[in-house]
Amino acid sequence: MTSQPLKVILTRKLPEEVEARLSDLFDVMPYNDDSPMSQSALLAAVQGCDVLACTLGDRIDAQLLAQAGPQLKLIANFGAGVDHIDVQAAAAQGITVTNTPSVLAEDAADMAMALIMAVPRRLVEGVEALRQGRFVGWSPTWMLGHRVRGKKLGIIGLGRVGQAVARRARAFGLSVHYHNRNRINPHVENELEATYWESLDQMLPRVDIVCVNCPQTPATYHLLSRRRLELLHKDAYIVNVSRGNIIDEEALADMIVEKRLGGAGLDVFSREPAVNEKLMAAPNAVLLPHMASATVESRIDMGDRMLINIKMFADGHKPPDRIIPEML
Ligand code: DGY
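Procedures and definitions
In this convention, every chain numbers its residues from 1, walking through the sequence in written order. Predicted model: local features are reported for residues with pLDDT of at least 70 only, side-chain atom pairs are reported and counted for 80 or more only, and whole-chain, interface and lining totals are derived from all residues. Side-chain figures throughout are based on the complete set of non-hydrogen atoms in the structure, without hydrogens or water. A run of DSSP states H or I qualifies as a helix once it reaches four residues; a run of E qualifies as a strand once it reaches two. Both are numbered from the N-terminal end. When a residue's accessible area, from a 1.4 Å probe over protein chains only, is under 20% of the maximum for its type it is buried; when over 50% it is exposed; and in between it is partly exposed. Contact criterion: two residues are considered in contact whenever any of their non-hydrogen atoms come within 4.5 Å of each other. Working rule for helices: expected span equals 1.5 Å times residues minus one. In protein, a polar contact means a hydrogen-donor-capable atom and an acceptor-capable atom, both N or O and within 3.5 Å, with residues adjacent in sequence counting only if both atoms are side-chain atoms; elsewhere, any N or O pair within 3.5 Å suffices. All domain edges in this entry derive from an automatic or database-based domain assignment. Accessible area that two parts lose when put together, evaluated with a 1.4 Å probe and summed over both, is termed the buried area. Salt bridges, as used here, are contacts in which a Lys or Arg side-chain nitrogen is within 4 Å of a carboxyl oxygen on Asp or Glu.

(A) Molecular detail of the side chain of T98. Note on placement: T98 falls in strand β5 (residues 96-98). The class for T98 is buried, based on a relative accessible area of 1%. Beyond its immediate stretch of four places on either side in the chain, T98 contacts L74, I75, A76, N77, N309, P319, D321, R322 and I323.

(B) Seen up close, unusual backbone geometry. A cis amide bond links E272 to the next residue, P273, at an omega of 5°. Secondary-structure assignment places P273 in the loop between β11 (263-266) and α12 (277-281). With a phi close to 50°, H222 is a non-glycine residue in the positive phi region. Structurally, the position occupied by H222 is in the loop between β9 (209-212) and α10 (226-229). Phi is positive for H290, which is not a glycine, with a value near 45°. Residue class for H290 comes out partly exposed when judged on its relative accessible area of 23%.

(C) Expanded view of helix α13 (residues 296-314). Taking 1.5 Å of rise per residue, the 19 residues of α13 would be expected to cover 27 Å, and the 27 Å separating its terminal C-alpha atoms lies within 8% of that figure. Those residues of α13 lying buried are S298, I300, M302, G303, M306, L307, N309, I310, F313 and A314. Looking at the buried side of α13, the elements it contacts are β1 (7-10), α1 (16-25), β3 (51-55), β4 (74-78), β5 and α5 (105-118). Trailing α13 by a residue or two, G316 shows a phi angle of about 85°, which is positive.

(D) Examining the side chain of N284 more closely. Along the chain, N284 turns up in the loop between α12 and β12 (285-287). Judged by relative accessible area, which is 13%, N284 ranks as buried. Side-chain polar atoms of N284 contact the backbone oxygen of G262, separated by 3.3 Å. Here N284 is in contact with V119, I256, L261, G262, G263 and A264, once residues within four sequence places are set aside.

(E) Broad picture of the domain arrangement of the protein. As far as domains go, the protein holds domain 1 (7-101 + 295-327) and domain 2 (105-287). Spacing between the C-alpha centres of domain 1 and domain 2 amounts to 31 Å. Taking both partners together, domain 1 and domain 2 bury about 550 Å²; carbon and sulfur atoms supply 39% of that area. It is L56, D83 and P101 that lose the most area in domain 1 upon contact with domain 2, and together they represent 60% of the buried surface on that side. At the junction of domain 1 and domain 2, the tally comes to one salt bridge. Here D83 ties to R243 by a salt bridge, and the two come within 2.9 Å at their closest N and O atoms.

Given below as structure tokens:
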């Protein structure tokens, strides 16, 4: 490893304290714009740095990586999801990729739980009705939603965020069902009193609320396809705080509009920042601008985690949050 500080290019403005800590340790080139870099700016970055500190919204594909300079050795992602990085292509070029898992799990789970409550209880519809002057007094039959307690929650992906959602859900009186690539440790399963479904098709018709928490990979693209969405009962709800493309968004929008599903709480979309117009117009869809990890605390912790990965790498060690392509 060189004794010169590593040259780190940031592709996005990060919290001030994170940038200051990074600058104490490395030769950092900040980027003062709060929108994603153009592909040409990204190309210049990968040709001119040892470490690319990137984030969601950057497209780090095989074509870009093929033009990277030989000095590019680490892609340190600020965020947990790495679906915007071609990790296979990076590995083939000997470039390490890291992410910042776990530190944002509790905040993401809070947002998932907020959506699990908000959609059946029509929280946003109520706020809008009041603001628009449609509240003319309490009514026995107005603004009726559905009770959350006693319902069955089906979690897709019982990793860090999924388990944090499950703990919250149990406190709200939901029973926990889950589908995961592999069955989880029996101690955790017992603690959560979680029922494992090896077959997603078997789980879907039996649950009332589905919460998507798995990462987006080629295997999970449109995992909730139109056929699978049609397995849900007509009052079921969908919550997604992971990635938009895990659901066939067009099919979901059709079913929400046609009332073949109860509603949806979505923090993520297929073509962000664009949002499906049918979903935008649907009163039973609660839509958020990808903000599940948007707390000051999470963003600072994500920065610290990214810094730890870069520092370990700079010191010649394996960074703790390496992405192993075969594990995706
Ligand atoms: C992530 O870390 O991938 C999140 O989606 C950002 O909130």
